[in-house]
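Here is how the chains run, residue by residue.
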Amino acid sequence: MAVGIRTLDLRKVYDSSPPLGAAGGFVARADSKGGKQPKTQIPALDGLSLDVQPGEIFGLLGPNGAGKSTTVGVLTTRVRPTSGQAWIGEHDVWKEQTRVKHLIGVVPQRPNLDFSLTAREILVFHGAYFGIGSKQRNERADSLLEKFKLTERGNQMLRGFSGGMMQRLSIARAMMHDPQVLFLDEPSSGLDPQTRILLWEIIREYHQAGKTVLLTTHNMEEADALCQRLAIVDHGRRIAVGTPAELKATIPGGFLLRLRFGNQSPELLKKLESLTGVREVRSTESTGVDIYADRGGSLISEIANLAASSGADLSDVHISEPSLENLFLHHTGRSLRD
Amino acid sequence: MNWKTFGAMLARDAHVARRNAVQLILQTFLQPLLFVFVFGKVMVSSGFLPEAYKSLLLPGIISISMVFTGIWAVAMPLIAEFQWTREIEDRLLAPISVGWIAIEKVIAGMIQALIAGLVVIPLAWLVLGRGVQISLGSPWTFALIILLIATFSACGGLALGCTINQQHIGLMFGMVITPMIFFGCTYYPWSALKTFPILQKAVLINPLVYASEGMRATLVPQFPHLSIAAVIGALLFFDVLLLVVGLRQFENKAVS
């Protein structure tokens, strides 16, 4: 039976930089003198509540530092929340850790594969940790190596593996004990397009077997292509949640026109607002203007005329169709890539 | 407690140790054997040290080999796995509570320390040649003491491995390991420090003192040594202390 995921009002405040597992990268602290450092309180999660349905592919979309990895850390017993609760199915993550660990498979953002073992041994020992019998774990390891196109490298140590191969092996390892819930933290970052497509296929196939998948990404294309529902997070808070289509429908108008003028004035902004189909006009930087509108290309000639008559020289135009990127920008005033 | 998971983790550590056997053997035995050769053989046969020094040296060499094998076997992989390769994360996600993963590391370290201690005895004996006078009065006491030494070394490795930052490994050797060896009564009995009364008291905080004196008490009782009861009591104290500290540090590292 499929298993869901739930969090209630999760808060996490780090006293120092987020340590391994939660942070995106290696944390090097310059405490060379060993003296007392002033404690810096870094809030990573600020009251995050999520409800992932059993058997759903759910995405957490947000920029770096939004709290996505910390959320995964809390749900996978690696980060203890400052307050709030988290459940995998019926099991409280922090009260029934061993039970929860049986149910979950985790693909971390950075590879944490066992460098003392060969690729095949990594899978076989992982199976052994989960109590899978010898014959079964060997068969399963072979079939996963085959599926992830790693059979030829199975008996090699990891030195010399490319980033993509390590990522594939990480996912194979997470699937080794056939978990009910699969967590993938930025699964396709650093992958070539071909491997990314293979990965998406595998995730879809796993989901079709009735499993729940939670993935984090800052790639809107991935979120759009793969996720049935999404939560957009920023600064540890949930900004919006829904299907990709529902979320995109919340952008005023849907189209985003990013314009740049030689010079712009408040009068110009007012005139732009009065154009038919324009929902919202926002001034960005000194010469940029973002227009949210019901239509895209057909507005350009009117904008160009308006600019010419106001003496504001239109120097750059970029039209984007309804997308999660636009949604994020609309909610936060920041691009996902910032 | 999940014995299957625990056993699989021990099997993984044994598998890796077998794979790195040559490196482990050189690392464990080269230094003590060179020391035995220079001090027990060269210095004695050239007359700078008396013949009896051979017998005095051997227990110290056993304890030093055990202690540093245990510390090394637990601390170095932990430092790398927590801070660099992160490969321990796979085991942290295995269905077993985090404390047992630390205990597994301790057991693996103890086994390596015991093997080191038991193998270095005949090897050193071989290098020293004739004139070593060892008498194993009570095998049970000897067994208890080497078990306590193995525990202390592996628990010490756990505490150090979860405390030291990888950029401070050099410092660990300079500030912890080297003074421990030289003030650990490994190359001389504790009673030899009686002309330095303050130092003689101060070295009692060094657990290696009890390891060396314990070996001396059970293998070469003809030399002066601390009482066996004091040795057992002190080793027990350090075992428990380092285990508690090590477990706490491990859990702090494992869960942020």
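Thresholds, definitions, all that
Residues numbered from 1 in each chain as written. Chains lettered and ligands numbered in written order. Predicted model: local features only at pLDDT ≥ 70, side-chain atom pairs only at ≥ 80, totals over all residues. Helix = DSSP H or I, 4+ residues; strand = E, 2+ residues; numbered from the N terminus. Buried ≥ 20, exposed ≤ 12 C-beta atoms within 10 Å, placed from the backbone. Contact = placed C-beta atoms within 7 Å. Pairing = 2+ DSSP bridges. Axes fitted to C-alpha atoms, helices over the stretch in contact; angles between N-to-C directions. Left-handed = near helix turned anticlockwise from the far one by under 90°. Nonpolar A, V, L, I, M, F, W, Y, C, P; charged D, E, K, R; others polar. pLDDT = per-residue confidence, 0-100. Core = buried A, V, L, I, M, F, W, Y, C linked by C-beta atoms within 7 Å. Domains from an automatic or database assignment.

> Help me understand the overall build of chain A, please; the structure alone is not making it clear to me.
A tally of helices and strands in chain A yields eleven helices and 14 strands. Residue burial in chain A is summarised as follows: out of 338 residues, 44% are buried. Within chain A, contacts between residues at least 6 apart in sequence are counted, and of these 73% link residues at least 24 apart.

> Help me understand the sheet that holds strand S2 (residues 42–52) of chain A, please; the structure alone is not making it clear to me.
The strands making up a sheet associate through hydrogen bonds between their backbones, and the pairing can be parallel or antiparallel. All names here are of chain A. Here four strands make up an open sheet; going across it, the order is S2-S1-S4-S5 and the pairing antiparallel. The open sheet has two free edges, formed respectively by S2 and strand S5 (91–92), since each of these has just one partner strand. Pairing analysis gives eight bridges linking strand S1 (residues 5–14) to S2, with the strands arranged antiparallel. The residue of S2 that forms the bridge with Lys12 is Leu45.

> What is the right way to read the packing of helix H2 (residues 21–45) of chain B against helix H5 (residues 98–128) of chain B from this model?
A pair of packed helices is characterised by two quantities: the angle between their axes and the separation of those axes. All names here are of chain B. Two elements in contact, H2 and H5, have axes whose closest approach is 10 Å; the angle formed by their N-to-C orientations is 35°. For the crossing formed where H2 meets H5, the hand is right-handed. From H2, Thr28, Phe29, Pro32, Leu33, Val36, Phe37, Gly40 and Lys41 reach across to H5, where they touch Ala116, Val120, Leu123, Ala124, Val127 and Leu128. Its residues assigned to classes, the contact of H2 with H5 comprises eleven nonpolar, two polar and one charged.

> Before we go on, may I ask you to explain unusual backbone geometry in this structure?
Glycine aside, residues mostly have negative phi angles, and peptide bonds mostly take the trans form. Phi at A:Lys149 takes a positive value of approximately 55°, unusual for a residue other than glycine. With respect to the helices and strands, the residue A:Lys149 is situated in the loop between helix H4 (134–147) and helix H5 (163–175). Residue A:Lys149 is classed as exposed on the basis of its C-beta count, with 12 C-beta atoms lying within 10 Å. Even without a glycine there, the phi angle at B:Arg86 is positive, about 60°.

> Mind showing me how you'd approach helix H11 (residues 324–332) of chain A here?
Residues and elements named next belong to chain A. Along H11, the residues that are buried comprise Leu324, Glu325, Asn326, Leu327, Phe328 and Leu329. Close packing links the buried residues of H11 with strand S3 (57–61), helix H7 (220–226), strand S9 (229–234), helix H8 (244–249), strand S11 (255–261) and strand S14 (314–320). Just downstream of H11, Gly333 is the residue with a positive phi angle, here 75°.

> For this particular structure, what's the right way to read the pairing of S11(A)?
All names here are of chain A. With five of its seven residues buried, S11 lies for the most part within the structure. Note: S11 against strand S13 (residues 288–293), six bridges, orientation antiparallel. The partner of Leu256 across the bridge, within S13, is Tyr292. Here S11 pairs with S14 via six bridges, running antiparallel. If you follow Phe261 over to S14, its bridge partner there is Leu314.

> Where do I start with the confidence of the model for chain A in this structure?
Low pLDDT means the predicted coordinates in that region are not meant to be read closely. Residues and elements named next belong to chain A. Taken over all residues, the pLDDT of chain A has a mean of 84, while the share at 70 or more is 91%. Put simply, H11 is where chain A has its lowest mean pLDDT, 76, and helix H3 (residues 119–129) is where it has its highest, 95. Low pLDDT, under 50, characterises residues 19–35; the stretch is placed with 25 contacts to residues that sit more than four places away or in other chains.

> Looking at this model, I keep getting lost on the interface of chain A and chain B. Mind explaining?
Frequently, the measure chosen for interface size is the accessible area that the parts lose on association. Between chain A and chain B, the residue contacts involve 27 residues of the former and 24 residues of the latter. Every element with two or more residues in the side of chain A that touches chain B is listed here: helix H2 (97–103) and H3 of chain A. When its residues are assigned to classes, the side of chain A that touches chain B shows 13 nonpolar, nine polar and five charged.

> Explain the environment of B:Phe142 here, please?
All names here are of chain B. Following the sequence through the fold, Phe142 ends up in helix H6 (residues 139–161). With 16 C-beta atoms packed within 10 Å, Phe142 lands in the partly exposed category. Separated by 107 residues in sequence, Phe142 and Gln249 have C-alpha atoms that sit 31 Å apart. Apart from the residues within four sequence positions on either side, Phe142 is in contact with Leu136 and Thr218.

> Looking at this structure, I do not really get the nonpolar core. What am I missing?
What tends to happen in soluble globular proteins is that the nonpolar side chains get buried as a cluster. One finds A:Ile88, A:Ala172, A:Phe183, B:Ile149 and B:Leu158 to be the most contacted residues of the largest nonpolar core, which totals 143 residues. The greatest single-element share of this core, amounting to 17 residues, is contributed by helix H3 (residues 53–83) of chain B. Core analysis: the next-biggest nonpolar cluster, separate from the first, contains 16 residues, A:Ala293, A:Leu299, A:Ala307 and A:Ala312 among them.

> Looking at this structure, how should I read the domain arrangement of chain A?
Each assigned domain of chain A is listed with its residue range as follows: domain 1 (5–16 + 41–248) and domain 2 (252–321). Just the C-alpha atoms count here: the centres of domain 1 of chain A and domain 2 of chain A sit 41 Å apart.

> Just to check I follow, could you spell out the sheet that holds strand S8 (residues 212–217) of chain A for this structure?
Residues and elements named next belong to chain A. Pairing is mixed in the open sheet, where six strands are placed in the order S6-S7-S8-S3-S9-S10. Strand pairing shows two members of the sheet lacking a second neighbour, strand S6 (104–107) and strand S10 (237–242), which therefore form its edges. If you compare each strand with its neighbour and ignore which way they point, the axes differ by 15° on average. Bridging between S3 and S8 involves five bridges; their strand directions are parallel.

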